[in-house]
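Spelled out from the first residue to the last, the chains are:
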Amino acid sequence: MEDRGSVGKVLLLVAFLELVLTSLCSGRHPLPILWIMPQTAEPGGSNLTEALLPAVQLALQHLSRQPAPLRNYQLQLHFADTQCDNAKGLKAFYDALFYGPKYFIVFGGLCPSVTSIIAESLQGWNLVQLSFAATTASLADKKKYPNFFRIIPSDNAVNPALVKFLKRYGWNRVGTLTQEVQSFPVVQKDLIKQLEKANIQIALTETFSQDPCESIRNLKVNDVKIIIGQFDELSATKVLCCTYHLNMFGGRYQWLIPDWHQESWWSPSGLVNCSSQSLLKAMEGSISVDYETLSAKQIRGVSGRSPQEYQREYDKWREEAGVESSRLHGFAYDGIWTVAKTLTRVMEVVRHKERYSIHQNFTISQKELGQMVFEAMNETNFFGVTGQVLFKDGERIGTMQFTQIQEGKKVKIGEYNSITDVLELNRKIRFPGTAPPRDQTLVRPQRKEINVLLYCILSSVTILGMLMASAFLIFNIKNRSHRFIKMSSPNMNNLIILGGMLSYSSIFFFGLDGSFVSEEVFETLCTVRTWILTFGYTLAFGAMFAKTWRVHAIFKNVKLKKTAIDPLRRTVEVFSLELDPLGEDIALRPFLEHCENTHMTTWLAIIYVYKGFLMLFGCFLAWETRNVSIPALNDSCYIGMSVYNVGIMCIIGASVSYMTRDQPNVQFCVVALVIFFSSTVTLCLVFVPKLITMRRDPDSATQSAWYQLTQGIKRDVEDTQRRSSITSVVQTSSSRLYSLQTENQGLRRRVMELDSELEVVARQMQDLPQMFLCKEHFGEKTFTTHAGVLGRNKCRTLPQNSRTSRNGAKDINSPEQLQRRLSLQLPILHHAYLPSIGGVDASSASPSNSTSSLSKHAAMATCSYSHVPTRL
């Protein structure tokens, strides 16, 4: 390597001597140019100056063959070796200025640090610098480097091309991966500005210094599909190896990376755990964008040669010199032409001023000359071998080219003209997938909806339940006048049926989600279905509890106005992404609609507690009325069974529904079945026993019910005498019992009226001529009421002549007829009224209990007969 460097130095020295001698002997006006470049080769690399020298020599040769005024001037290149060292480079620059001639232009500059130091001091020396190799983005700062020009596009020049390329394929979401070295952060900053200006979302910006794997993993986690990489060749292998292991390549990803021109740069080193095949697989389809080194247009430029013709001449000169090629040789060639045209234009202006100046000794200052050079270079515009040479604020407006790795080879797929802002792509571009990848995984919202078949099945079952409830309603209305149904409170039964039907109907609303109705309607249904279910529950069980004499108390506690304070609203629960099973770059994001409010937990707790107390209160009433022996009125057993059924079903349903809230089909099925079975069991417990009883023996059902009613009343009265605590229950008994008591009191008053009439009749009989004699002892008379005849009477009657014998006919007012009528009517009256209503006494409840009362009335009447005189 040292021998090769020594040979290179000798060749460079010889070449410069030839250039100087040619300039001196040509007879043309010399124009001193300071060429600053590192002469030594970098470790492991080639000598760039050595590779560019054939292009410079070729440019000078072509200039010498140009017509005037270009041929009138000779560029004299004075070389200064910067050695890519700040101190040495700055010393070489100052030495050249101090010991050399007055330079018009500083040509060259490669190493960023050395170039920036020299460029910053140019304004003080009234010099202009033109670089053909420095691409550092920081040199674009015109406040700091006002006299710096470069014919090679800067690193920032690729950003507009990238933005244009992204827009071409509709990629509006990208991520960046930047190495924290050299000028990459500066390029990234400019790229972010360009992307924001183009309304392209920057999903994630990742930087790394050593290991890029964590940054790449973050890009994958954030679903970044289009990745713009900014890193050097050494880090590129690490990036590709991590990309391979994370499976971030292929048709679902697109990498946009710098274009490195070193051959086989992807060859693995000991720093990565990937083979060459793995790296090639990872980089397959990646796209690079960089400045175009030689124009692809078949146009003859300022030198009279096309870029292709120049390339052949350069290769010939390079091969003769025995040096390697450089990708910057075209910019060096156009750089010499730019310097020549700029200085030629300046010198022609100076000559013109000298010729036509009014001053005999015309001179121009170094500052004025420097300003003239600056303006002339800023107005440069010609077509060179690298394309159109044009400057804007000292920056080359050139052409960017796009290349793609296809089967391990770079293929040019298009170019971007920054002058016209036009992107041209050929048909060679090829994506690993069937189409260009998406800028992000296509997320398709997928509603977790209720299966239509399941909804239809449960709706059909619900309709059957409603038909059953309708049948119960028809039965109850049709037989509402029947004594057995009437005693079971048919109006309350209708309310129970109505509550069951409302509960049934809520199933239809629970099954309607966003797939059936709009969001506004769904939000309305949230409140409607809750009101319907709650009101149906309260109506059914409230009516059932009302049959235990608490209807007003129960309905007074029903307050459904809570939902008006904190109304239910439609909320959406979003779940994690699910990849498309077909393998496409599509992901499904399931979401589920809920009916919730701000204080959902609080309201649920209140409703559960208040409904629970309502159920417990119903159980308490059922327990208190468990001893009522009237089947038509005693629903304590059915209430207990209904409460037990509903309680168990609600506990199970609420628990399973909460655990399956992210599974709408399971949740709807559980809720629907709980409502259906609770309502069905409750209705069946209330009405099936009535149907069975009425179907078996309607008449006996009525009679049995009536008998049980009277027996129940009797037992209730007896219990009242024994236990004072039952008094409150009897006082709040049903309206039926109250009407019977009222009827009993009326009959008692009627009996007292009949007794008064009997006494009147007895007094009237005292005037009869014939009288009946009675024995001295009252206890010897015996009376019976079973056959309606006045038992055996030991009283004797005195001999008499009947009215029949006198009149020859039977007298209806004779004592015999009166005695006969009284003996028949009095027992009938007592038997018909007193036993059936419990006797004259409030405690008398049976015919046997009224026997003594009847005997007393019969005896009194008979005894009174014995004192009636007999009419002859």
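Provided above is the structure to which this section pertains.
What comes next is a walk through the structure. Please read all numbers here as calculations on a predicted model, not as lab measurements. (Residues numbered from 1 in each chain as written. Predicted model: local features only at pLDDT ≥ 70, side-chain atom pairs only at ≥ 80, totals over all residues. Heavy atoms only, no water.)

For the chain, the count of helices and strands is 27 helices and 20 strands. Here the chain, with 872 residues, has 46% of them falling under the buried criterion. Considering only residue pairs separated by 6 or more positions, the chain has 73% of its internal contacts joining residues 24 or more positions apart. Summed over its atoms, the accessible surface of the chain is roughly 45000 Å², and 56% of this surface lies on carbon and sulfur atoms. (Helix = DSSP H or I, 4+ residues; strand = E, 2+ residues; numbered from the N terminus. Buried < 20%, exposed > 50% of the residue type's maximum accessible area, 1.4 Å probe, protein only. Contact = heavy atoms within 4.5 Å. Areas by Shrake-Rupley, 256 points an atom, 1.4 Å probe, with all protein chains shown as cover.)

With that settled, consider the pattern of salt bridges. Applying the stated criterion across every chain, the model contains 14 salt bridges. Ionic pairing is found between K225 and D223, a salt bridge with its closest N-O pair at 3.6 Å. One exposure class covers both K225 and D223, and it is buried. For D259, the salt bridge identified is with K410, shortest N-O distance 3.0 Å. With a gap of 151 residues between them, D259 in the loop between strand 9 (254-257) and helix 10 (276-283) and K410 in strand 15 (residues 409-417) connect regions that are remote in the sequence. Through salt bridges with shared partners, a single ionic network connects E292, K412 and E415. (Salt bridge = Lys/Arg side-chain N within 4 Å of Asp/Glu carboxyl O.)

Relative orientation of the contacting elements helix 11 (residues 307-321) and helix 12 (residues 329-356) amounts to 105 degrees, with a least axis distance of 11 Å. The angle between helix 11 and helix 12 falls in the class roughly perpendicular. Here helix 11 contributes Y310, Q311 and Y314 to the contact with helix 12, which in turn contributes H329, G330 and Y333. When the residues that make up the contact of helix 11 with helix 12 are grouped by side-chain class, the tally is 3 nonpolar, 3 polar and no charged. (Axes fitted to C-alpha atoms, helices over the stretch in contact; angles between N-to-C directions. Parallel < 35°, antiparallel > 145°, perpendicular 65-115°, else oblique. Nonpolar A, V, L, I, M, F, W, Y, C, P; charged D, E, K, R; others polar.)

So, on to the sheet that holds strand 6 (residues 173-179). Ordered in space as 7-6-8-9-10-14-15-16, the 8 strands form an open sheet in which the pairing is mixed. Only two strands of the sheet have a single partner each, and these edge strands are strand 7 (201-208) and strand 16 (422-425). Between one strand and the next, the sheet's axes are offset by a mean angle of 25 degrees, whatever the strand orientation. When strand 9 meets strand 10 (residues 287-291), the two strands line up parallel, connected through 2 bridges. The residue bridging I257 from the neighbouring strand is S288, located in strand 10. The strands touched by helix 7 (residues 184-197) within the sheet are strand 6, strand 7 and strand 8 (226-230), with strand 6 carrying the most contacts at an inclination of about 170 degrees. Contacts from helix 8 (residues 213-221) reach strand 6, strand 7 and strand 8 within the one sheet, and its direction differs from that of strand 7 by about 165 degrees. (Pairing = 2+ DSSP bridges.)

Bringing the nonpolar core into the picture now. Within the largest apolar cluster, 77 residues are counted, with the highest numbers of intra-cluster contacts made by L75, F132, L166, I336, L343 and F402. With 11 residues, helix 12 is the single largest residue contributor to this core. Contacts of L343, omitting those with residues within four sequence positions, involve L31, I33, L75, F104, I105 and V373. In this structure, L458, I496, A672 and F676 belong to the second largest nonpolar core, which totals 26 residues. (Core = buried A, V, L, I, M, F, W, Y, C linked by side-chain atoms within 4.5 Å.)

To continue, consider the pairing of strand 2 (residues 73-81). Burial analysis of strand 2 places 7 of its 9 residues in the buried class, the great majority of the element. With 9 bridges connecting them, strand 1 (residues 29-37) and strand 2 associate as parallel partners. Among the inter-strand pairings, L31 is bridged to a residue of strand 2, identified as L75.

So, about the state of the cysteines. For the structure shown, the criterion picks out 3 disulfides. Put simply, C84 and C111 are joined by a disulfide, and their sulfur atoms are 1.5 Å apart. Placement of the pair is C84 in the loop between strand 2 and helix 3 (86-99) and C111 in the loop between strand 3 (105-108) and helix 4 (112-120), with a sequence separation of 27 residues. At a sulfur-sulfur separation of 1.8 Å, the disulfide partner of C213 is C242. With the S-S dihedral at roughly -60 degrees, the linkage between C213 and C242 falls on the left-handed side. Here C242 lies in helix 9 (residues 233-245) and C213 lies in helix 8, a separation of 29 residues in the sequence. Judged by its relative accessible area of 23%, C213 is partly exposed. (Disulfide = S-S within 2.5 Å.)

What follows is about the packing of aromatic side chains. In the structure shown here, the tally under the stated rule is 25 aromatic pairs. Ring centres 5.6 Å apart and planes at 90 degrees place the aromatic pair F149 and F391 in the edge-to-face group. In this pair, F149 is assigned in strand 5 (residues 148-150) and F391 in strand 12 (residues 387-392), connecting sequence segments 242 residues apart. Each member of the pair, F149 as well as F391, is classed as buried. Aromatic side chains F165 and F402 sit 4.9 Å apart centroid to centroid with 20 degrees between the ring planes, which places their arrangement in the stacked category. (Phe/Tyr/Trp six-rings, centres within 6.5 Å; stacked < 30°, edge-to-face > 60°.)

Our next topic: the pairing of strand 12. Note: strand 11 (residues 381-384) against strand 12, 4 bridges, orientation antiparallel. When the bridges of strand 12 are listed, N381 appears paired with L390. Where strand 11 folds back onto strand 12 in an antiparallel hairpin, the turn is made up of 2 residues.

Reading across from one edge, 2-1-3-4-5 is the order of the 5 strands in this open sheet, with parallel pairing throughout. The open sheet has two edge strands, strand 2 and strand 5, and neither has a second partner. The mean angle between the axes of side-by-side strands here comes to 30 degrees, regardless of whether they run parallel or antiparallel. Bridge count for strand 4 (residues 128-131) against strand 5 is 3 bridges, and the pairing is parallel. If you follow Q129 over to strand 5, its bridge partner there is F148. In the packing of helix 3 onto the sheet, the strands contacted are strand 1, strand 2 and strand 3, and the crossing angle to strand 2 comes to about 140 degrees.

Let us now look at the environment of L673. With respect to the element layout, L673 can be found in helix 21 (residues 664-696). Every residue in contact with L673, bar those within four places of it in the chain, is listed here: L458 and M649.

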